[in-house]
Amino acid sequence: MELFDSHAHYNDEKFDEDRDRIIKEIYKSGVTKIINAGYSLGSTKKAIEIADNYDFMYTTAGISPNDIDNFRKEDLKDIENLAKNKKVVAIGEIGLDYHWNTENKELQKEVFISQIEIANRLKLPIVIHTREAIYDTLDILKNNKCNKNGVFHCSPLNVDLIREGLKLGFYISFAGPITFKNSKNADEVIKMVPLDKILIETDSPYLSPEPLRGKRNDSRNVKYMAQKIADVKEITLEEVARTTYNNTKVIFEIKEK
Ligand code: NI
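Definitions and limits used
- Residues numbered from 1 in each chain as written.
- Predicted model: local features only at pLDDT ≥ 70, side-chain atom pairs only at ≥ 80, totals over all residues.
- Heavy atoms only, no water.
- Helix = DSSP H or I, 4+ residues; strand = E, 2+ residues; numbered from the N terminus.
- Rg over C-alpha atoms; globule rule 2.2 N^0.38 Å.
- Buried < 20%, exposed > 50% of the residue type's maximum accessible area, 1.4 Å probe, protein only.
- Contact = heavy atoms within 4.5 Å.
- Areas by Shrake-Rupley, 256 points an atom, 1.4 Å probe, with all protein chains shown as cover.
- Core = buried A, V, L, I, M, F, W, Y, C linked by side-chain atoms within 4.5 Å.
- Expected span 1.5 Å × (residues − 1).
- Donors = N, O, S within 2.8 Å, 3.2 Å for Na, K, Ca; no water.
- Tetrahedral: all angles 85-135°; square planar, octahedral: opposite > 155°, others 65-115°.
- Axes fitted to C-alpha atoms, helices over the stretch in contact; angles between N-to-C directions.
- Parallel < 35°, antiparallel > 145°, perpendicular 65-115°, else oblique.
- Left-handed = near helix turned anticlockwise from the far one by under 90°.
- Nonpolar A, V, L, I, M, F, W, Y, C, P; charged D, E, K, R; others polar.

**Q** Please explain the overall build of the protein as it appears in this structure.
**A** The number of helices and strands found in the protein is nine helices and eight strands. Since a compact globule built from 257 residues should have a radius of gyration of about 18 Å, the 17 Å found for the protein is in line with a globular shape. Taking the principal axes of the C-alpha coordinates as reference, the protein spans close to 45 × 40 × 35 Å. Looking at the 257 residues of the protein, the share that counts as buried comes to 58%. When contacts within the protein are restricted to residue pairs at least 6 apart in sequence, those whose partners lie at least 24 apart make up 72%. Just so you have it, the protein exposes about 11600 Å², and 47% of that area is on carbon and sulfur atoms.

**Q** When you look at the nonpolar core in this model, what are you seeing that I'm missing?
**A** Nonpolar side chains in soluble globular proteins generally cluster together in the buried interior. Counting residues in each nonpolar core, the largest one holds 65 residues, and the members touching the most others are Tyr10, Phe112, Ile126, Leu141, Phe174 and Ile229. Of the residues forming this core, the biggest block, six residues, is contributed by helix H8 (residues 222–233). Setting aside its immediate chain neighbours within four residues, Ile229 contacts Phe174, Ile178, Ile190, Leu195, Ile198, Ile200 and Val240. With 13 residues, the next largest nonpolar core counts Val89, Val127, Leu199 and Tyr245 among its residues.

**Q** Help me understand helix H2 (residues 41–53) in this model?
**A** Three or four residues apart is the spacing at which side chains of an α-helix point the same way, because the helix has 3.6 residues per turn. Look at H2: 19 Å from first C-alpha to last across 13 residues, which is about the 18 Å you get at 1.5 Å a residue. Inspection of H2 places Leu41, Ser43, Thr44, Ala47, Ile48, Ile50 and Ala51 among the buried residues, and these make up the whole buried set. Packed against the buried residues of H2 are helix H1 (19–28), strand E2 (31–36), strand E3 (57–61), helix H3 (74–82) and strand E4 (88–97).

**Q** Please clarify how the environment of Glu106 should be interpreted in this entry.
**A** With respect to the helices and strands, the residue Glu106 is situated in helix H4 (residues 105–122). Here Glu106 falls in the exposed class, since its relative accessible area comes to 55%. Sequence separation between Glu106 and Leu96 is 10 residues, and the spatial gap between their C-alpha atoms is 9.9 Å.

**Q** I tried to follow the coordination of the nickel ion on my own but got confused; where do I start?
**A** Geometry reference: four tetrahedral donors at a metal, ideal angle 109.5 degrees. Six octahedral donors, ideal angles 90 or 180 degrees. Around the nickel ion, the donor atoms from the protein are His7 (NE2), His9 (NE2), Glu93 (OE) and Asp203 (OD), and they sit 2.2 to 2.3 Å away. Because the angles between the four donor atoms bound to the nickel ion fall within 79 to 172 degrees, the donor set is best described as irregular. Considered as a linear motif, the donors of the nickel ion on their single chain read H-x1-H-x83-E-x109-D. Here His7, found in strand E1 (residues 3–8), pairs with Asp203, found in the loop between strand E8 (198–200) and H8; they are 196 residues apart in sequence, far enough to count as distant. What makes His7 buried here is its relative accessible area of 2%.

**Q** I tried to follow the packing of H3 against H4 on my own but got confused; where do I start?
**A** Geometrically, a packed helix pair is captured by the angle between its two axes and the distance between the axes. Here H3 crosses H4 at 30 degrees, and the two axes come no closer than 11 Å. By the angle between their axes, H3 is roughly parallel relative to H4. The two elements H3 and H4 cross, and the hand of that crossing is right-handed. The segment H3 lies against H4, with Leu76, Ile79 and Glu80 engaging Ser114, Gln115, Ile118, Arg121 and Leu122. Looking at the contact of H3 with H4, its residues break down into four nonpolar, two polar and two charged.

Function cannot be inferred from these measures alone, as they are strictly geometric.
Set out below in structure tokens:
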């Protein structure tokens, strides 16, 4: 069985001590593809460097709503240039976050829309981060068509977002929170999403699933998300693994086996 972790951050400093060792162990464990996500100019550069070292690793390029404190207009040009690297499969993670930042909502929206435009120019899908900003996020997506669509990364377990997101053609990526005992909506939301629209991810090194909460997360744990989906949909783990693997290749147009 092979698994695809559709979103992780091996560019994070929490992997500085053992990055190469852990990435090789992950591959041996059967997680044979990973998308490393950028969230700022610096982290995007680092994500590309890391992806260049491993055939089975891809990356995204983007500025997240939590990394626009030092935003300069020129950064968009730099992201667009970085995104031309052949390992970059999407613009992301981009979006809105009103949990951590409420003072700069207008700037968040502007930077989000500008990056949708970059994705459209480069014919790439987008990877969306949205937190406590569901309706503004949906408004922007309705008014700014993403030609290649994209993915709700670490998707909020919110029925409105899932319904509207699917209508717009987006994929839904489930992370650790679907395994948390206090996630009341998880089963209902998993049932709403057809299997051919589901991706799985760890968002490593953060958000470890049950039973590993609080520990550093890594891509080997994506199996817990797959198992949860298999349990709720009453299908085999193998079917979840195979279908989510294929879905991730389809949305990010990954041709390699
Ligand atoms: Ni992330």
